[in-house]
Amino acid sequence: MTVTPQQAETAPSPGAEGETVRGLRLRGVSHVYRGGVRDVVSLDPLDLDVVAGEFLVIVGPSGCGKSTLLEILAGLIRPTSGDVFIDDRRVVGPSRDRAVVFQQSTSLYPWLTVRRNVELGLRVRNLPRSERRSRADAELARVGLSEFADQWPHELSGGMQQRCQIARALAVDPPILLLDEPFGALDALTRENLQHSLREIWRETRRTVVMVTHSVEEAVLLGTRVLVMSHRPGRVVDDLRFGFVTLNSTVAEIRSRPDFVETCRTLRSQLLGL
Amino acid sequence: MSKSVATDGLDLPWARRLAGHSDPSRRFRGVGPIVAIALVGGIWSLVAYLQIWSEIILPTPDRVWSALVESVTSEGGRRGLSGHYLWEHVGASLWRIIRGVFWAAAFGAPLGLGLGLFRTFQAVAEPIVGFLRSLPPLGYFSLLIIWFGIDDTSKVWLLFIAAFPPIAIGVAAGVASIQPERVKAALTLGATRRDLVRHTILPSTLPDLLTGLRVAIGFAWTTIVAAETSNGIPGIGGLAWATKKELRSDVAILCVIVIGVVAVLMDLVIRLIERRLLPWRRRS
């Protein structure tokens, strides 16, 4: 089915239940920050195709525009030029077909309990209370927060807050899940824990995921595909495929594999050389 | 000769506290207000019973106590003070406050939302609100009396104009300080404009609304007591003002105490409401 751009804009994301998405297309997407003194090019024109079911990780030094790119995908920032398409629909704004997990847990609502936070996306869809609750509880169970459903977000640890954010995003059953340095503010051990959980979630649901990180290990561990970006202006300098995430081993086992260690070393030196 | 260990470092309780360490001495916590009342009461009694000044300048505590008794009883067809019981005076003042602050909140909160959400509206409306806020309310009271008469209407208007700027400005500041991630989260979960206001902006600004309300009530209370100097009986400010004619310094002191106690109680009520409406703020 072909949809004219006009129709697509007037009907942003029907967000139908179980909606399947074939992929994400970027055509000539660039971004320029209009500064007071001079403009800063944060993202050079970029063409990209993300296939459904892919776990795409964007890795790069700080200031490479990777978070800007993610917010463009989310529809929170408009690209200075170019367009983002989901299948044939042009992205004109944020929508629940691209739920986002943010780095800052300030995105959780402090006046809502953990369960009610997870229900947020379902409340704005006016789902009946019982259905909201059962779906929220299912997602809370998936991320291991069932016991904490009635707590306030500030009573949770940093790692649990990020789990809550993941549950909230998954509760709306988004065809595409976006993560913006979701574990960047966590300590090393908690981070490994959450990487494991995210890996399990992806393996279970095979959802399309786009994640931004500055951790090389995280990128190699989780991505089926890794985009390496250069320092400002952001440019994709490499596009790599990995299969570590699909291996039937534990995260700890993968981390100690020689080929994993070697891959990380190569990628790290490539990033340092940029 | 043995050399002593270094002891020339500063060791002051207040310096330790300012340096971010908890002060171990909690001796005066909680008893502070009691000590303060005892201290002021003691000095007052001492000076009054020594009769340094006449009873008209400084009445004794038991004279003020008699005034309190007089204010809540009737004797030979005389009801309380200035024809009304004490609770009628306080009640009349509070009723004016409630009406004035109610309209101030009903008008100020949406105004604050508008100021916080719309730049063009803010550019025009903020100077007006700021100007009104900077005026001492009694400065425009005469005008309100000319417009609305000498009865309660002009007083409620006075309170309304005095009370809405802090509410509007508080809510506007609350809107401006909403965490951007909260808004981003709502947008990416598919919120409509109505959802955004209802689920994100209103709950985010509720604490600021309550703070604004508290400031407004405090300001309104000081204003109404002053405003009741004209045709303010019944009213606690009117009662206080009337005492000067008969040199009832005992009633004047009684009024001061009642005005102060009511102010403290109103603040307490708002704090209780805050605790009730913002349960997530209670740290465990």
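All values reported here derive from a predicted model rather than from experimental measurement.

Observations concerning the overall build of chain B
In terms of regular secondary structure, chain B is built from 11 helices and two strands. When its helices and strands are written in sequence order, chain B yields α-α-α-β-β-α-α-α-α-α-α-α-α. With the C-alpha coordinates aligned to their principal axes, the bounding extent of chain B is approximately 90 × 75 × 30 Å. Here chain B holds 284 residues, and 32% of them are scored as buried. Long-range contacts, defined as pairs at least 24 residues apart, comprise 69% of the intrachain contacts of chain B with a sequence gap of at least 6.

A short note on the overall build of chain A
A count of helical and extended segments in chain A gives 10 helices and 10 strands. Whereas a compact globule of 274 residues would reach a radius of gyration of roughly 19 Å, chain A reaches 19 Å, a difference of no more than 12%. Counting the 274 residues in chain A, one finds 43% classified as buried.

A short note on unusual backbone geometry
Geometrically, the link from Ile233 of chain B to Pro234 of chain B is a cis peptide bond, its omega value of -5° lying close to zero. Its location among the elements puts Pro234 of chain B in the loop between α9 (193-227) and α10 (236-242). One non-glycine residue, Arg206 of chain A, lies in positive phi territory at about 50°. Mapping Arg206 of chain A onto the fold places it in the loop between α7 (188-205) and β8 (208-213). A residue is classified by how many C-beta atoms lie within 10 Å of it, and Arg206 of chain A, with 12 of them, is exposed. Backbone geometry at Ser82 of chain B places phi at a positive 50°, although glycine is not the residue there.

Section: the packing of helix α7 (residues 152-176) of chain B against α9 of chain B
When two helices pack together, you describe them by how their axes are tilted relative to each other and by the distance separating the axes. Residue and element names in this part refer to chain B. For the pair α7 and α9, interaxial distance at closest approach is 7 Å and the crossing angle is 150°. In terms of their interaxial angle, α7 and α9 are classed as roughly antiparallel. Crossing angle aside, the handedness with which α7 passes α9 is right-handed. Looking at side-chain class alone, the contact of α7 with α9 contains 18 nonpolar, seven polar and two charged residues.

Here's the deal with the sheet that holds strand β4 (residues 81-86) of chain A
Residue and element names in this part refer to chain A. Strand order in the open sheet formed by four strands is β2-β1-β4-β5, with antiparallel pairing between adjacent strands. If you trace the sheet from one side to the other, it starts and ends with β2 (40-51) and β5 (89-90), each paired once. As paired strands, strand β1 (residues 23-33) and β2 are joined by eight bridges and run antiparallel to one another. Following the sheet pairing, Leu24 is matched in β2 by Val50. Sitting on the sheet, helix α2 (residues 66-74) is in contact with β1, β2 and β4, with an inclination near 125° to β1.

Here's the deal with the nonpolar core
Val57, Leu73, Ala167, Leu178 and Val210 of chain A are the most contacted members of the largest nonpolar core, which totals 75 residues. In terms of residues, this core owes the most to one element, helix α6 (residues 158-171) of chain A, which gives seven residues. Inspection of this core shows a minimum of three residues originating in each of domain 1 (53-79 + 92-97 + 175-274) and domain 2 (106-173) of chain A. With residues up to four places along the chain from it excluded, the contact list for Val210 of chain A reads Val50, Leu56, Leu70, Leu73, Ile176 and Leu178 of chain A. Counting 48 residues, the second-largest nonpolar core is a separate cluster that includes Leu115, Ala168, Leu209 and Ile259 of chain B.

Observations regarding the sheet that holds strand β10 (residues 236-241) of chain A
Residues and elements named next belong to chain A. Read from one edge to the other, the open sheet built from six strands follows the order β6-β7-β8-β3-β9-β10, with strand pairing classed as mixed. Every interior strand has two partners, whereas the edge strands, β6 (98-101) and β10, have only one. Strand-to-strand twist across the sheet, computed as the mean angle between neighbouring axes with direction ignored, equals 15°. Where β6 lies against strand β7 (residues 176-180), four bridges are found, and the strand directions are parallel. Its bridge partner being in β7, Arg98 is matched across the sheet by Ile176.

Concerning the interface of chain A and chain B
Taken together, the contacts link 25 residues of chain A with 16 residues of chain B. At the level of secondary structure, the elements contributing two or more residues to the side of chain A that touches chain B comprise β6 and α4 (120-123) of chain A. Residues belonging to the side of chain A that touches chain B are distributed by class as follows: 13 nonpolar, seven polar and five charged.

Regarding α6 of chain A
All names here are of chain A. Look at α6: 20 Å from first C-alpha to last across 14 residues, which is about the 20 Å you get at 1.5 Å a residue. Burial runs high along α6: 12 of the 14 residues are buried. Along α6, the positions that sit buried rather than exposed are Met160, Gln161, Gln162, Arg163, Cys164, Gln165, Ile166, Ala167, Arg168, Ala169, Leu170 and Ala171. Its buried side turned inward, α6 meets β6, α3 (114-118), α4, α5 (129-142), β7 and α7.

Observations concerning the domain arrangement of chain A
Residues and elements named next belong to chain A. Taken domain by domain, chain A comprises domain 1 (53-79 + 92-97 + 175-274) and domain 2 (106-173). Averaged C-alpha coordinates put domain 1 and domain 2 at centres separated by 24 Å. Considering every element that reaches the side of domain 1 that touches domain 2, the biggest residue donor is α7, with five residues. A class-by-class count of the residues in the side of domain 1 that touches domain 2 yields seven nonpolar, three polar and one charged.

Examining the packing of α9 of chain B against helix α11 (residues 249-277) of chain B
Residues and elements named next belong to chain B. α11 packs onto α9 with a crossing angle of 170° between their chain directions and a minimal axis gap of 10 Å. Here α11 runs roughly antiparallel to α9, going by the angle between their axes. Classified by chirality, the crossing of α11 by α9 is right-handed. Residue-level contacts link Leu206, Leu210, Leu213, Arg214, Ile217, Gly218, Trp221 and Val225 of α9 to Ile259, Ala263, Met266, Asp267, Ile270, Ile273, Glu274 and Leu277 of α11. Within the contact of α9 with α11, the residues separate by chemical class into 12 nonpolar, one polar and three charged.

Looking at α2 of chain A
All names here are of chain A. Of all the nine residues making up α2, eight are buried; the element is thus mostly covered by neighbouring parts of the structure. Along α2, the positions that sit buried rather than exposed are Lys66, Ser67, Leu69, Leu70, Glu71, Ile72, Leu73 and Ala74. Of the residues flanking the end of α2, it is Gly75, one or two places downstream, whose phi is positive at about 85°.

Thresholds applied
- Residues numbered from 1 in each chain as written.
- Chains lettered and ligands numbered in written order.
- Predicted model: local features only at pLDDT ≥ 70, side-chain atom pairs only at ≥ 80, totals over all residues.
- Helix = DSSP H or I, 4+ residues; strand = E, 2+ residues; numbered from the N terminus.
- Buried ≥ 20, exposed ≤ 12 C-beta atoms within 10 Å, placed from the backbone.
- Contact = placed C-beta atoms within 7 Å.
- Rg over C-alpha atoms; globule rule 2.2 N^0.38 Å.
- Axes fitted to C-alpha atoms, helices over the stretch in contact; angles between N-to-C directions.
- Parallel < 35°, antiparallel > 145°, perpendicular 65-115°, else oblique.
- Left-handed = near helix turned anticlockwise from the far one by under 90°.
- Nonpolar A, V, L, I, M, F, W, Y, C, P; charged D, E, K, R; others polar.
- Pairing = 2+ DSSP bridges.
- Core = buried A, V, L, I, M, F, W, Y, C linked by C-beta atoms within 7 Å.
- Domains from an automatic or database assignment.
- Expected span 1.5 Å × (residues − 1).

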